[in-house]
Amino acid sequence: MPSVAFYTLGCKVNFYDTEAMWQLFKKEGYEQVDFETTTADVYVINTCTVTNTGDKKSRQIIRRAVRRNPDAVIAVTGCYAQTSPAEIMAIPGVDLVVGTQDRDKLMSFISDIQRDRKPVNAVRNIMKTREFEELDVPAFADRTRAFLKIQEGCNNFCTFCIIPWSRGLSRSRAPESVLSQARQLVAAGYQEIVLTGIHTGGYGDDLEGYRLANLLEDLDKIEGLERIRISSIEASQIDDEMIRVLNGSKKMCRHLHIPLQAGDDAILKRMRRKYTTEEFAGKIARIKEAMPGVAITTDVIVGFPGETEEQYENGYRFMERIGFSEMHVFPYSKRTGTPASRMDEQVDEEVKHARVHRLIELSERLQGEYSRHWVGEELEVIPERVTKGEDGKVRLAGYSDNYLSVEFEGDESMYRKRCLVRVTESGANENRGELIAVLSDVRPMAMQA
């Protein structure tokens, strides 16, 4: 049986794409082996280019695969492959470079290379691509929730970001195709679906009269689907229609990830973000009104070129005022080829580090404050971890719809079942609770045999 090993760098969308590529190999009778410990016939490296470090790490992994088995087919895909194919083709031992499209042709490229042993650079101009690449993932290793990719690419061209050049412009998966895949996932036993993409909230930008809000309404009608999450949405994409759907849906999780990136208007403008802090705050207030108790998480870039102490402090106070339930804080890192990398007044690394540290402390405090609100409340939790303590007691842990991680005592039969839990104690990352009732079984059908 031929074997394939994968190595994925970068974001969740890349991990989804790797799973989708694995399905193609599986259909051709391949077995998947461990990248680090086993020699494979084909190595697929799914690369990242969001930072210069991503490029460097990608090159290291490619060389590692070549050393592992010089006779194997080495296929490189993903964002770095899309933006710098010539750089990758120049690495001795690389056989195939496919970017962030044409992955459905992967198997025929590989069989050609196995026959002729001629390296192939199959990267095309992504900016001309208008079609969504249909690759499905029917099952996931973490079997409590399924990911469903509905969108690819981005039209925003923020000054710090290379993504439009590596993923192309925004394109949406056809609504009927999304709904049919969602029904298949529900039939396979998944009750929670996470809608994902490069710019998920931009779903429908390229469709006629059908937006993300319409898709959510249609997903809401699917029998057996209990929870719908959106991986990320921009403040500018939350309009009256979206507010109405969030307010009326019983299935939308009370958790939205809305990237802020900076809490100061001058910085937002230089980043070419499409809102002011005031507009952002207005949207958040409306969401909190429409979805009481909603958890709002965000991304923040610290030390963007020209960020003064005063602008940083403005941002700090703004984030505190909004009351995010968690913030993912990143120090700004120069990405070659982006306008921000050529801007003057790059911020000193030590200053950046100190600012990041303070915001992480703020995030932990806000996370603790958000959790404390839920002590005494009842939440529905789907356990995804089971541990047995030295005291012999079985503890389960999983997430509520508003993304609180809750641990409680129970027994192994409750694993992946919807459980009603009362929160008894809060913490920054983990909360404790007591089981009130088991509501239903959510394990995929194949697991119940």
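Nothing here was measured: the structure is a model prediction, and the numbers come from that model. (Residues numbered from 1 in each chain as written. Predicted model: local features only at pLDDT ≥ 70, side-chain atom pairs only at ≥ 80, totals over all residues. Heavy atoms only, no water.)

J.: Is there a simple way to think about the overall build of the chain in this case?
T.: Along the backbone of the chain there are 13 helices and 19 strands. Taken over C-alpha atoms, the radius of gyration comes to 23 Å for the chain, in line with the 22 Å a tight globule of 449 residues would show. Buried residues in the chain amount to 55% of all 449 residues. When contacts within the chain are restricted to residue pairs at least 6 apart in sequence, those whose partners lie at least 24 apart make up 72%. For the chain, the computed accessible surface area is about 19,900 Å², with 49% contributed by carbon and sulfur atoms. (Helix = DSSP H or I, 4+ residues; strand = E, 2+ residues; numbered from the N terminus. Rg over C-alpha atoms; globule rule 2.2 N^0.38 Å. Buried < 20%, exposed > 50% of the residue type's maximum accessible area, 1.4 Å probe, protein only. Contact = heavy atoms within 4.5 Å. Areas by Shrake-Rupley, 256 points an atom, 1.4 Å probe, with all protein chains shown as cover.)

J.: How do you make sense of the domain arrangement of the chain when you look at a structure like this?
T.: Often, the extent of an interface is quoted as the loss of accessible area upon association of its parts. For the chain, the assigned domains are domain 1 (3–124), domain 2 (128–253) and domain 3 (375–438). Look at where the C-alpha atoms of domain 1 and domain 2 centre, and you get two points 26 Å apart. Taken together, the 19 residues of domain 1 in the interface contact 20 residues of domain 2. Summing both partners gives a buried area of about 1,700 Å² for domain 1 against domain 2, and 60% of it is carried by carbon and sulfur. Along the contact surface separating domain 1 from domain 2 lie 2 salt bridges. A salt bridge links D17 to K149, with the shortest nitrogen-to-oxygen separation between them at 2.9 Å. Applying the counting rule to domain 1 against domain 2 returns 5 residue pairs in polar contact (both at pLDDT 80 or more). In terms of residue count, helix α1 (residues 12–27) provides more of the side of domain 1 that touches domain 2 than any other element does, 8 residues in total. Residues belonging to the side of domain 1 that touches domain 2 are distributed by class as follows: 6 nonpolar, 7 polar and 6 charged. (Domains from an automatic or database assignment. Buried area = accessible area lost by both parts, 1.4 Å probe. Salt bridge = Lys/Arg side-chain N within 4 Å of Asp/Glu carboxyl O. Polar contact = N/O pair within 3.5 Å; in protein donor to acceptor, adjacent residues only side chain to side chain. Nonpolar A, V, L, I, M, F, W, Y, C, P; charged D, E, K, R; others polar.)

J.: Where do I start with the sheet that holds strand β4 (residues 73–78) in this structure?
T.: Each strand in a sheet pairs with another by means of backbone hydrogen bonds, the pair being arranged parallel or else antiparallel. The 6 strands are arranged β2-β1-β3-β4-β5-β6 in an open sheet whose pairing can be described as parallel. If you trace the sheet from one side to the other, it starts and ends with β2 (31–32) and β6 (120–121), each paired once. Judged from the 2 bridges that link them, strand β1 (residues 3–8) and β2 form a sheet pairing that is parallel. What sits directly across from V4, in β2, is Q32. Each of β1, β3 (42–47) and β4 touches helix α2 (residues 52–68); the most contacted strand, β3, lies at about 175° to it. (Pairing = 2+ DSSP bridges. Axes fitted to C-alpha atoms, helices over the stretch in contact; angles between N-to-C directions.)

J.: It is not clear to me how the pattern of salt bridges should be interpreted in this structure. Could you clarify?
T.: Close approach of charged atoms allows side chains of opposite charge to pair. Scanning the entire structure with this criterion turns up 39 salt bridges. Linking R229 and E192 is a salt bridge whose minimum nitrogen-to-oxygen distance equals 2.7 Å. Within this pair, whereas R229 is found in strand β11 (residues 227–230), its partner E192 is found in strand β10 (residues 192–196), the two being separated by 37 residues in sequence. Each member of the pair, R229 as well as E192, carries the same accessibility label: buried. A salt bridge links R432 to E407, with the nearest nitrogen and oxygen atoms 2.6 Å apart. Taken together, the residues span a long stretch of sequence, with R432 in strand β19 (residues 431–441) and E407 in strand β17 (residues 405–410) at a distance of 25 residues. Overall, the relative accessible area of 17% leaves E407 in the buried class. Residues joined by salt bridges that share partners form a network here, namely D17, R103, K149, E152 and R167.

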